[in-house]
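What follows is each chain in one-letter form.
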There are 2 protein chains.
Amino acid sequence: MTGAAGNPPARSPLPRAERIPREGARPRRGRPGHDQDAVLTAAVRLFNERGYEATSMGELAERLGITKSSIYHHVSSKQELLRMAVDHALDGLFEAADEVRAGHTPAIERLELLIRRSVLVLADRLEYVTLLLRVRGNTAVEQQALLRRRVFDAIVTDLVKQAQADGALRPDVDPATAARLLFGMVNSLIEWYSPARGAAEPLADTITAIAFDGLRTRP
Amino acid sequence: MTGAAGNPPARSPLPRAERIPREGARPRRGRPGHDQDAVLTAAVRLFNERGYEATSMGELAERLGITKSSIYHHVSSKQELLRMAVDHALDGLFEAADEVRAGHTPAIERLELLIRRSVLVLADRLEYVTLLLRVRGNTAVEQQALLRRRVFDAIVTDLVKQAQADGALRPDVDPATAARLLFGMVNSLIEWYSPARGAAEPLADTITAIAFDGLRTRP
């Protein structure tokens, strides 16, 4: 599974969750970045499996094979783990949006690029985006994530509007509805995509092909 | 919210969850159909709000303003409520699929009709389909639901294949991927649609327009 925490170092002091059975779990301080990555990777997986509310820091410690107090050397709270996780997903999407908005190509091309880049972000940060899309606004962190999602949606909607004004997209579809349906296709990846199915680029091609030209053949 | 349990009678013995504050909750037997509908409607809402696992029959009784033992006059278990709920969603989709498969029109038209009908089922049974789409296979009931979902997906995939064989759909898109992306758009309704946004028919038009012809204008 392509995580988003980067490749672990050869001798990660706090092993990634999936490597724990093969490696001893001897927590060591001094490389906080890697340690925190490992805690975050395991936390995201556990939140997705059991739900954020239902997961305790004790269960996370157990999964990692370390003591509960060791976790607090790396992160201050469960809420902090959630914030880091959803921000990692959102940062990927906003980096794509910022890049696209800085461009000077027609709006339809920028919209297509944003969809394409979003597919790649989802495929690369699959577990983080899965968690993000399940967030329901029960805490301040979740409400902040929902707010950032709405800002992202507004960027997509605005690109649809611009492309319609250019005459490049059909004018009879409500821009916000079009944005929601485009990302309905993109976000469905969390339900069925896995890297084992193959690279994400051809999938990005398929999604943009359907979105802009549809499935119908033309005479 | 358009429930799927039909209109309640004027004097429903066990009031629907949303009417409880206005009506006294005096459970009475003798009209089991209506009573069971009210329990089911409240259960589906509660499962969606709190999660199926996290919801107890005691909380459901509290929501309905009746005793826990009264619930067992109407349903045998929480699992039974889940089964009835997901079956209500799946039955709607399979009725659409059966109708479509009985037709003699070209595959592309039957596929379009199935997508259109599925949008209407989702809009009409929104809370039931929401619950269905969150099912993860933790119990026998959930596994059965996942199995029926896979059968439905196979029907959609098969229609895509037939339409490709007819030369009506582009041949360069994997049929299973096309089916998943089509239903990525349809299923996204559970995230953002509400009857307050307006009728579902125009939305069904928009989804089939994008799916088959895309958003791009043509010269």
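Please read all numbers here as calculations on a predicted model, not as lab measurements. Per chain, residues are indexed from 1 in the order of the written sequence. Written order determines the labels here, with chains lettered from A and ligands numbered from 1. Per-residue local features are limited, in this predicted model, to residues with pLDDT of at least 70; the limit for side-chain atom pairs, both in listing and counting, is 80 or more; totals at the level of whole chains, interfaces and linings are taken over all residues. Computation of side-chain values: all heavy atoms of the structure, hydrogens and water removed.

Visitor: Please clarify how the relation of the copies chain A and chain B should be interpreted in this entry.
Guide: Mapping one chain copy onto the other needs a rotation about an axis and a shift along that axis. After a rotation of 180° and a shift along the axis of 0.0 Å, chain A superposes on chain B with an RMSD of 0.0 Å. Taken together, the rotation and translation relating the two chain copies correspond to the operation of a two-fold axis. Looking at the rotation axis and the C-alpha trace of chain A, the residue lying nearest is Gly214(A), at 1.9 Å. Least squares is the method for superposing the copies, and the C-alpha atoms it fits come from residues with pLDDT of at least 70 in both.

Visitor: I keep staring at the packing of aromatic side chains and nothing clicks. Help me out?
Guide: Aromatic ring pairs: the centre-centre distance and the angle between the two ring planes describe each pair. Residues and elements named next belong to chain A. By convention, a stacked pair of Phe, Tyr or Trp rings (six-membered ring in the case of Trp) has centres within 6.5 Å and planes under 30 degrees apart, an edge-to-face pair has planes over 60 apart, and any other such pair is tilted. Summed over the entire model, instances satisfying the criterion amount to six aromatic pairs over all chains. A ring pair is formed by phenylalanine 94 and phenylalanine 152, whose centres lie 5.9 Å apart and whose planes are at 70°; its orientation type is edge-to-face. Taken together, the residues span a long stretch of sequence, with phenylalanine 94 in helix α4 (residues 78–101) and phenylalanine 152 in helix α7 (residues 140–165) at a distance of 58 residues. Note on accessibility: phenylalanine 94 and phenylalanine 152 belong to one class, buried. A network of ring pairs unites the aromatic residues Phe94, Phe152 and Phe183 as a single cluster. Here lysine 78 stacks its cationic end above the ring of tyrosine 52, 4.5 Å away from the centre of that ring. To qualify as a helix, a DSSP run of H or I must reach at least 4 residues; to qualify as a strand, a run of E must reach at least 2; elements of each kind are numbered from the N terminus. Three exposure classes are used, based on accessible area relative to the maximum for each residue type with a 1.4 Å probe and protein chains only: buried under 20%, partly exposed in between, and exposed over 50%. Only when the NZ of Lys or the CZ of Arg is both within 6 Å of the ring centre and within 35 degrees of the ring normal is a charge said to sit over the ring.

Visitor: Can you walk me through the layout of surface pockets in this structure?
Guide: The gaps left among the atoms become clear once a water-sized probe is rolled over them. Volume-wise, the second largest pocket comes out at about 210 Å³. As for the second largest pocket, its lining consists of 14 residues, and the residues nearest its centre are Trp192(A), Arg197(A), Leu203(A), Asp174(B) and Thr177(B). We place a 1 Å grid over just the protein atoms. Points where a 1.4 Å probe fits but has no way out form a cavity, open points with protein on both sides within 12 Å along at least 5 of 7 lines form a pocket, and any residue with an atom within 4 Å of a point lines it. Grid points are joined across faces, edges and corners, and a volume is the space filled by probe spheres set on the points.

Visitor: Just to check I follow, could you spell out the nonpolar core for this structure?
Guide: Within soluble globular proteins, side chains that are nonpolar generally end up buried alongside one another. The nonpolar core is taken to be a set of buried Ala, Val, Leu, Ile, Met, Phe, Trp, Tyr and Cys residues, with the residues joined through side-chain atoms within 4.5 Å. By size, the foremost hydrophobic cluster in this structure holds 146 residues, and its most contacted members are Leu60(A) and Leu60(B). Should any heavy atoms of two residues lie within 4.5 Å, those residues are counted as being in contact. Setting aside anything within four residues of it in sequence, one finds Leu60(A) in contact with Val39(A), Ala42(A), Ala43(A), Leu46(A), Ile71(A) and Leu81(A).

Visitor: Sorry if this is basic, but what is going on with the domain arrangement of chain A here?
Guide: One widely used convention gives an interface's size as the accessible area the parts lose upon coming together. All names here are of chain A. Those domain boundaries reflect an automatic or database domain assignment. Under the domain assignment, chain A is made up of domain 1 (25–76) and domain 2 (83–219). A separation of 30 Å is found between the C-alpha centroids of domain 1 and domain 2. Listed by partner, the interface residues are ten residues for domain 1 and nine residues for domain 2. The contact between domain 1 and domain 2 buries some 880 Å² in all, and 58% of this surface belongs to carbon and sulfur atoms. Summed over both partners, buried area is the accessible surface (1.4 Å probe) that two parts give up on being assembled. Considering only the surface of domain 1 that becomes buried against domain 2, Leu40, Val44 and Asn48 emerge as the three largest contributors, covering 54% of it. Note on definitions: salt bridges are taken to be side-chain nitrogens of Lys or Arg within 4 Å of carboxyl oxygens of Asp or Glu. Linking domain 1 to domain 2 there are one salt bridge. The salt bridge involving glutamate 127 is made with arginine 45; its shortest N-O contact spans 2.9 Å.

Visitor: For this particular structure, what's the right way to read the interface of chain A and chain B?
Guide: Counting residues at the interface gives 34 residues for chain A, matched by 34 residues for chain B. When the two sides are added together, the surface that chain A and chain B hide from each other amounts to roughly 3300 Å², 58% of it contributed by carbon and sulfur. Here chain A is connected to chain B by six salt bridges. Here a polar contact means two N or O atoms within 3.5 Å. Within protein one must be a hydrogen donor candidate and the other an acceptor candidate, and residues neighboring in sequence count only if both atoms are side-chain atoms. For the pair chain A and chain B, the number of links is 18 residue pairs in polar contact (both at pLDDT 80 or more). Of all the secondary structure elements, the ones that give two or more residues to the side of chain A that touches chain B are α5 (107–124), α8 (175–187), α9 (189–192) and α10 (201–213) of chain A.

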